[in-house]
Amino acid sequence: ALLKTNWDNTTNRKDFLDIFVPFIVTLIKRKNYRSIEVNAVCKDFISEYGLVVPYHPMLAILTRTMKAGYIEKRPNGEYVPVRNKIVSGDFTESALEQERKYKYVLEQFLEYCQAKHGETLTKEEAESVFITFLKDHDLDILFINQDFNTLLPNSSATISQRYLINSFVENVNKSNPEIFAFVVDISVGHILVNTFLNSDFDKYQGNLSTCSFYLDIGFLFNVMGINGDEKYEYNEYEYSTE
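What you see is a predicted model; the values in this text were computed from it and never measured.

About the cut-offs
- Residues numbered from 1 in each chain as written.
- Predicted model: local features only at pLDDT ≥ 70, side-chain atom pairs only at ≥ 80, totals over all residues.
- Heavy atoms only, no water.
- Helix = DSSP H or I, 4+ residues; strand = E, 2+ residues; numbered from the N terminus.
- Contact = heavy atoms within 4.5 Å.
- Areas by Shrake-Rupley, 256 points an atom, 1.4 Å probe, with all protein chains shown as cover.
- Polar contact = N/O pair within 3.5 Å; in protein donor to acceptor, adjacent residues only side chain to side chain.
- Expected span 1.5 Å × (residues − 1).
- Buried < 20%, exposed > 50% of the residue type's maximum accessible area, 1.4 Å probe, protein only.
- Phe/Tyr/Trp six-rings, centres within 6.5 Å; stacked < 30°, edge-to-face > 60°.
- Patch = residues over 30% accessible without salt bridge, like charges linked within 9 Å, V, L, I, M, F, W, Y side chains within 5 Å.
- Salt bridge = Lys/Arg side-chain N within 4 Å of Asp/Glu carboxyl O.
- Core = buried A, V, L, I, M, F, W, Y, C linked by side-chain atoms within 4.5 Å.

A. Examining the overall build of the chain more closely. In terms of regular secondary structure, the chain is built from eleven helices and two strands. For the chain, restricting intrachain contacts to residue pairs at least 6 apart in sequence, the fraction spanning at least 24 positions comes to 56%. Of the roughly 15100 Å² that the chain leaves accessible, carbon and sulfur atoms contribute 51%.

Next up, the structure:
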C-alpha cells in the first residue's frame, strides 16, 4: 500500500526506483546509519518492511536515493546520509496511516469470516491468506476495479481459507468501497514490487547447452574477493550452489 501511495504522490518520477526512495530515507533515519553499506541495508530492509531486495536492485535504489540528494559520496568513496534532507524525507506518518488501514481490513475480514461463515481465524492466518490471495488474484482485483467483466474465481463448496478471502473481497467490492479501494491499493503495490523484484527464476525452462557465457572482469573480481568483503559475501551467497 505504501508503494502505491508513493507511486501516486511522487512527482516527476522516472520509473519504479523513485517509489523506493522514501523507504530508504525512512530506514536511514530509523537505523541512524553513519555510512551506507549495501548488504546492511538489504538485511535491515527485510526486517523493517518485509521485502527482500537483492544486492544489485538495492544498489540501484541507493544510487537513485543519492541522485535525489539524500546520500552523498565522500572523496574516500564512502557513502553517507545527508542529515537535513533525511529529516524532511521521512514517511513514518504515511506508513502509520497505511498500517492502520491494513489492520482495519484484517479486522473486517476476521469479523466477516465469523459472522458469515462461522469460521475463526487468527491474525497470522488472516495475513497469510491475504498474501496468498494477492499472489493469485492481484490482476483480477484491478480488472474488477475498472468495471471489466472479469470475476474473482469461485472456490469449491467447502469453506476454506481461499473461499473466505474470495468471498470477503467480492462482498466489500459491492458493499464497502472504502475497504475495497484499499485492497486495490495493496494489489497495485504488490504488482509494482513484483515488477521490479521479479526473482521467480525457478520457473524458467530452456536449454542453454549451446550458449557461451562471457563474464565481466568486475564480476570475477567480486566472486574472488578482490573488490572487497561486502561484494564477495554477497556474490558468495547469491551464486553459491549445493
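Back to the write-up after that little detour.
B. Quick look at the side chain of threonine 65. Along the chain, threonine 65 falls in helix H4 (residues 55-67). Side-chain polar atoms of threonine 65 contact the backbone oxygen of isoleucine 61, separated by 2.8 Å. Setting aside residues up to four positions removed in sequence, threonine 65 forms contacts with Val21, Ile24, Val25, Tyr70 and Ile71.

C. Region of the structure containing helix H2 (residues 17-31). The first and last C-alpha atoms of H2 sit 21 Å apart over 15 residues, in line with the 21 Å expected at 1.5 Å per residue. Most of H2 is tucked away, with twelve of its 15 residues classed as buried. Of all the residues in H2, the buried ones are Leu17, Asp18, Ile19, Phe20, Val21, Pro22, Phe23, Ile24, Val25, Thr26, Leu27 and Ile28. Phi turns positive, to about 55°, at asparagine 32, one or two residues after H2.

D. Expanded view of helix H3 (residues 38-49). Here H3 spans 16 Å end to end across twelve residues, near enough to the 16 Å set by a 1.5 Å rise per residue. Listing the buried residues of H3 in full gives Val38, Asn39, Val41, Cys42, Asp44, Phe45 and Tyr49.

E. Main features of the packing of aromatic side chains. Using the criterion set out here, one finds seven aromatic pairs in the structure. Each ring, one from phenylalanine 45 and one from tyrosine 49, has its centre 4.8 Å from the other, and the planes form 65°; the classification is edge-to-face. Residue phenylalanine 45 and its partner tyrosine 49 are both found in helix H3; the two are separated by four residues, about one turn of the helix. The class of phenylalanine 45 is buried, set by a relative accessible area of 0%. The class for tyrosine 49 is buried, based on a relative accessible area of 19%. Connected via pairs of aromatic rings, a cluster forms that spans Phe20, Phe23, Phe45 and Tyr49.

F. Just the environment of glutamine 114, in detail. One can find glutamine 114 in helix H6 (residues 92-117). Those residues in contact with glutamine 114 that sit more than four places away from it in its chain are Glu119 and Thr120. Here the side chain of glutamine 114 touches threonine 120 through a polar contact of 2.5 Å, side chain to side chain.

G. Molecular detail of a nonpolar patch on the surface. Residues Leu208, Phe213 and Leu215 make up a contiguous nonpolar surface patch of about 340 Å² in total accessible area. Considering the arrangement of structural elements, one finds leucine 208 in the loop between helix H9 (177-196) and helix H10 (217-224).

H. The nonpolar core, seen in detail. Ile24, Phe45, Met58, Phe109, Ile165 and Phe168 are the most contacted members of the largest nonpolar core, which totals 52 residues. Breaking this core down by element, the ones donating at least two residues are helix H1 (2-9), H2, H3, H4, H6, helix H7 (123-145), helix H8 (161-175) and H9.

I. Region of interest: the pattern of salt bridges. Per the stated rule, a full pass over the model turns up four salt bridges. The partner of glutamate 48 in a salt bridge is arginine 30, and the shortest N-O contact between them spans 2.6 Å. Within this pair, whereas glutamate 48 is found in helix H3, its partner arginine 30 is found in helix H2, the two being separated by 18 residues in sequence. Under the relative-accessibility criterion, arginine 30 is labelled partly exposed at 36%. Through salt bridges that share partners, Arg30, Lys31 and Glu48 make up one connected network.

Note that all results are geometric; they support no functional claim without further evidence.
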